[in-house]
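# Structural description and commentary
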Amino acid sequence: MTVDVLIAGAGPNGLMLACELSLGGVRPIVLERLPDNTKENRANGLVGQVVRALDRRGLYERLSGGAEPPRPSPAFVFGALPLELSRLDDNPMYGLAVPQRRVEQVLEERARELGVEILRGHELTGLAQDEDGVTVEIAGPEGPYTLRTRFLVGADGGHSRVRKLCGIGFPGVTRDGSVSIGAHVTVPAELVDAATGGLNVPGYGLIPPFMHHRTDHGLFVYAPFPTGTLVNTTEWNRDGGGDRPPTLDELRESVRRVLGADLPLGPPEGDGPHLLRRLSGGNTRLAERFRDRRVLLAGDAAHVHSAIGGPGLNLGLQDVVNLGWKLAAEIRGWAPPGLLDTYETERRPAAERVVMHTQAQSALIAPGPEVTALRVLFTELLRDERTIKHIADMMSGADIRYDLGGDHPLAGRPAPDLTLETETGPVRLAELTRAARPLLLNLTPDAAPAAALDGALEGWRDRVDLVTGKADRDAPAALLVRPDCYVAWASDSPRLDEKERDALRAALTAAFGAPSGTSSGAGG
Ligand SMILES: Cc1cc2nc3c(=O)[nH]c(=O)nc-3n(C[C@H](O)[C@H](O)[C@H](O)COP(=O)(O)OP(=O)(O)OC[C@H]3O[C@@H](n4cnc5c(N)ncnc54)[C@H](O)[C@@H]3O)c2cc1C
């Protein structure tokens, strides 16, 4: 038996990729070496455009537990400097405080609903590829076996076995000397500031919640999540103690060094699982290639960086939303030549940008008078709304522009957050994209453009859906939206003249292959 796609790793990125492939009409199998769901606490939240990406697949509601669509966050931090996002008219920074374990649970539940097979306790141990596929060696609960697959995706984390077996280098830097201690704790209720929710540390002062707080001696975070209060410190130039779990006393001592004051921390309440973690040093690395013939890398297997500002899942989950429909198209036979390679050309720059801004933030939180001076300068720069917008666009990933041709300002950009007034009532674009089908949107209320767009779709109707609805705000007359919700083509003209029609058909061909009925078309 040959499987279409094997995914190594049932972390968030492997599971999300499995969902995307299933929506694209391909059934992957996911191999996960751990026999049970992990109890490890990693991410505490999702930050950036990933929140919109999950909304577009109907997953935001499951994660937030409410029916409201996502709203941008009024505030965030860059390198422990406050970002006043509420001052922006077009704030791109979305956030959702949800533990990674819950993200994985929801994605696994969705993957299973879509019919994905997840094999727990099955570890990929070897691979060999030829022109037609990859033979994968697996250590399963009942012993070793092999599976043959057309494509293999390594979503197997920062230490990726798949990446190593393919001989793909992972250049970058390892930072030593920093030690970060994080724990679920309780703090005396009288220290919590009723007005701000911050923490009044006796002998130090008020520390706002959910913000990195830098002192001359390190970094302090107080985060009273609904699932438990988290306190985290980071110090530099210390002997790390490896990744040995710390004690609560060690956290108290670290807080004393960082803040120069005592904070009476108590053990956490409730059943847990509770976090008590020490991280020493850190890596910033980017895979030399994201693809080796029939093997692709996604998520932490392709890039690792500091967790400052929580960019990991924003990057990784958007990688797999980019990859899923392209790989499905390749397998189903309608991908235009080179489409799969655009996974790397589009996503590597996004990863490079995350590497850049996490390193920049690491520099801004480091100790030393020069850094303090740099922070004074940055604080001045952050009074300017344009700087806030620039940083918010960068951190959220809203500044990404893929090279999709076309001279419309929206071409290659994330589709705007529109609501369409359709014949059956208002519908958010995010609700229209749940099936991950390409969409051609006619945003004028007239029948003539709809007929013209429908005519231009001849040969792609099997792959692309036409939707008509008046947009609730300033929008182009028509938009072609890829399954990952990036704009492949846009037009401001309500009439589709010949030039526009040719441009639309060129964009359709570039993204979704030749029209059916032609020799290389999908044929339905
Ligand atoms: C302390 C910390 C805090 C973080 N905070 C945030 C945050 O707030 N927000 C955020 O967005 N990101 C955060 N991140 C980053 C985020 O956790 C990672 O980016 C994310 O886990 C990457 O997901 P992944 O699916 O690529 O890899 P992983 O989560 O590492 O999953 C890989 C999976 O592959 C499995 N596997 C490995 N090898 C094999 C094999 N040979 N065969 C089969 N299975 C295999 C592993 O068991 C694992 O389940 C944080 C990370 C850390 C360490």
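Provided above is the structure to which this section pertains.
Now for a description of the structure that goes with this document.

In the region of the ligand, 28 residues are neighbours, and Asn-13, Glu-32, Arg-42, Gln-100 and Leu-313 sit closest. At 3.3 Å, a backbone N or O of Asn-44 approaches an oxygen atom of the ligand. Separating an oxygen atom of the ligand from a side-chain N or O atom of Asp-300 is a distance of 2.9 Å. Protein contacts shield 87% of the accessible area of the ligand, which totals 1000 Å² for the unbound molecule. Only helix 1 (12-23), strand 2 (28-32), strand 8 (123-129), strand 17 (276-286) and helix 7 (312-332) provide two or more residues apiece to the shell around the ligand.

Sheet strands pair by backbone hydrogen bonding; their relative direction is either parallel or antiparallel. Spatially, 6 strands are ordered 14-15-16-11-17-20 in an open sheet, and the strand pairing comes out antiparallel. Looking along the sheet, the strands with just one partner apiece sit at the ends: strand 14 (213-215) and strand 20 (303-304). Across 7 bridges, the pairing between strand 11 (residues 172-185) and strand 16 (residues 228-235) is antiparallel. When the sheet's bridge partners are listed, Gly-182 is paired in strand 16 with Asn-232.

The next thing to look at is the sheet that holds strand 23 (residues 439-442). Here 4 strands make up an open sheet; going across it, the order is 24-23-26-27 and the pairing mixed. Of all the strands in the sheet, the pair left with one neighbour each is strand 24 (465-468) and strand 27 (487-491). Strand-to-strand twist of the sheet, defined as the mean angle between neighbouring strand axes without regard to direction, takes the value 15°. Here 4 bridges tie strand 23 to strand 24, and the two strands are oriented parallel to one another. Each residue of the ladder has a partner; that of Leu-439, found in strand 24, is Asp-465. Helix 12 (residues 447-456) contacts strand 23, strand 24, strand 26 (478-481) and strand 27 of the sheet and is inclined by roughly 160° relative to strand 23. Sheet contacts for helix 13 (residues 498-512): strand 23, strand 26 and strand 27; angle to strand 27, the most-contacted strand, approximately 175°.

What the rule picks out here adds up to 35 salt bridges. Where Asp-4 meets Arg-150, a salt bridge forms, and the shortest distance between an N and an O atom there is 3.5 Å. On the criterion of sequence distance, the pair formed by Asp-4 in strand 1 (residues 2-8) and Arg-150 in strand 10 (residues 143-154) is long-range, its members being 146 residues apart. Here Asp-4 falls in the partly exposed class, since its relative accessible area comes to 25%. For the salt bridge of Asp-262 with Arg-256, the shortest nitrogen-to-oxygen distance reads 2.5 Å. For Asp-262, a relative accessible area of 47% puts it in the partly exposed group. One continuous salt-bridge network, built from bridges that share partners, spans Arg-62, Glu-109, Arg-110 and Glu-113.

What follows is about helix 6 (residues 248-259). Given a rise of 1.5 Å per residue, 12 residues ought to cover 16 Å, and the 16 Å separating the end C-alpha atoms of helix 6 matches this to within 8%. Those residues of helix 6 that sit buried are Leu-248, Leu-251, Ser-254, Val-255, Val-258 and Leu-259. Viewed along the axis of helix 6, the buried residues span an arc of 115°, placing them on a single side of the element. In this structure, the buried side of helix 6 is in contact with strand 11, strand 12 (199-201), strand 13 (205-207), strand 14, strand 15 (218-225) and strand 16. Within two residues after helix 6, Gly-260 carries a phi angle of roughly 70°, on the positive side.

This part takes up the packing of aromatic side chains. One pass over the structure, following the stated rule, counts 6 aromatic pairs. Aromatic side chains Phe-78 and Phe-378 sit 6.2 Å apart centroid to centroid with 20° between the ring planes, which places their arrangement in the stacked category. Of this pair, Phe-78 sits in strand 4 (residues 76-78) while Phe-378 is found in helix 9 (residues 369-381), placing the two residues 300 residues apart along the sequence. The exposure class of Phe-78 is buried, given its relative accessible area of 3%. The exposure class of Phe-378 is partly exposed, given its relative accessible area of 22%. Through a chain of ring-to-ring contacts, the aromatic side chains of Trp-325, Trp-334 and Phe-512 assemble into a single cluster. The lysine or arginine in question, Arg-163, covers the ring of Phe-170, its NZ or CZ lying 3.5 Å from the ring centre. Cation over ring: Arg-294 sits above Phe-151, and NZ or CZ is 4.8 Å from the ring centre.

To continue, consider the environment of Pro-12. Considering the arrangement of structural elements, one finds Pro-12 in helix 1. Residue classification places Pro-12 among the buried positions, given a relative accessible area of 7%. In sequence terms Pro-12 and Glu-423 are 411 residues apart; their C-alpha atoms lie 37 Å from each other.

The subject of this paragraph is helix 7. Between its first and last C-alpha atoms helix 7 spans 30 Å; for 21 residues at 1.5 Å apiece the expected length is 30 Å, and the two agree. Gly-333 lies just past helix 7 and shows a positive phi near 95°.

What follows deals with the side chain of Ser-254. Inspection of the secondary structure puts Ser-254 in helix 6. Here Ser-254 falls in the buried class, since its relative accessible area comes to 0%. A polar contact is formed between the side chain of Ser-254 and the side chain of Glu-235, at a distance of 2.7 Å. Here Ser-254 is in contact with Thr-233 and Glu-235, once residues within four sequence places are set aside.

The buried fraction of strand 27 amounts to 5 of the 5 residues, a majority that puts the element mostly inside the structure. In this structure, strand 26 lies alongside strand 27, joined through 4 bridges in antiparallel fashion. Looking at strand 27, one finds that Val-481 is bridged to Val-487.

Thresholds applied
- Residues numbered from 1 in each chain as written.
- Predicted model: local features only at pLDDT ≥ 70, side-chain atom pairs only at ≥ 80, totals over all residues.
- Heavy atoms only, no water.
- Near = heavy atom within 4 Å.
- Polar contact = N/O pair within 3.5 Å; in protein donor to acceptor, adjacent residues only side chain to side chain.
- Areas by Shrake-Rupley, 256 points an atom, 1.4 Å probe, with all protein chains shown as cover.
- Helix = DSSP H or I, 4+ residues; strand = E, 2+ residues; numbered from the N terminus.
- Pairing = 2+ DSSP bridges.
- Axes fitted to C-alpha atoms, helices over the stretch in contact; angles between N-to-C directions.
- Contact = heavy atoms within 4.5 Å.
- Salt bridge = Lys/Arg side-chain N within 4 Å of Asp/Glu carboxyl O.
- Buried < 20%, exposed > 50% of the residue type's maximum accessible area, 1.4 Å probe, protein only.
- Expected span 1.5 Å × (residues − 1).
- Arc of directions from axis to C-beta.
- Phe/Tyr/Trp six-rings, centres within 6.5 Å; stacked < 30°, edge-to-face > 60°.
- Lys NZ or Arg CZ within 6 Å of the ring centre and 35° of its normal.

Keep in mind these numbers describe shape, not what the thing actually does.
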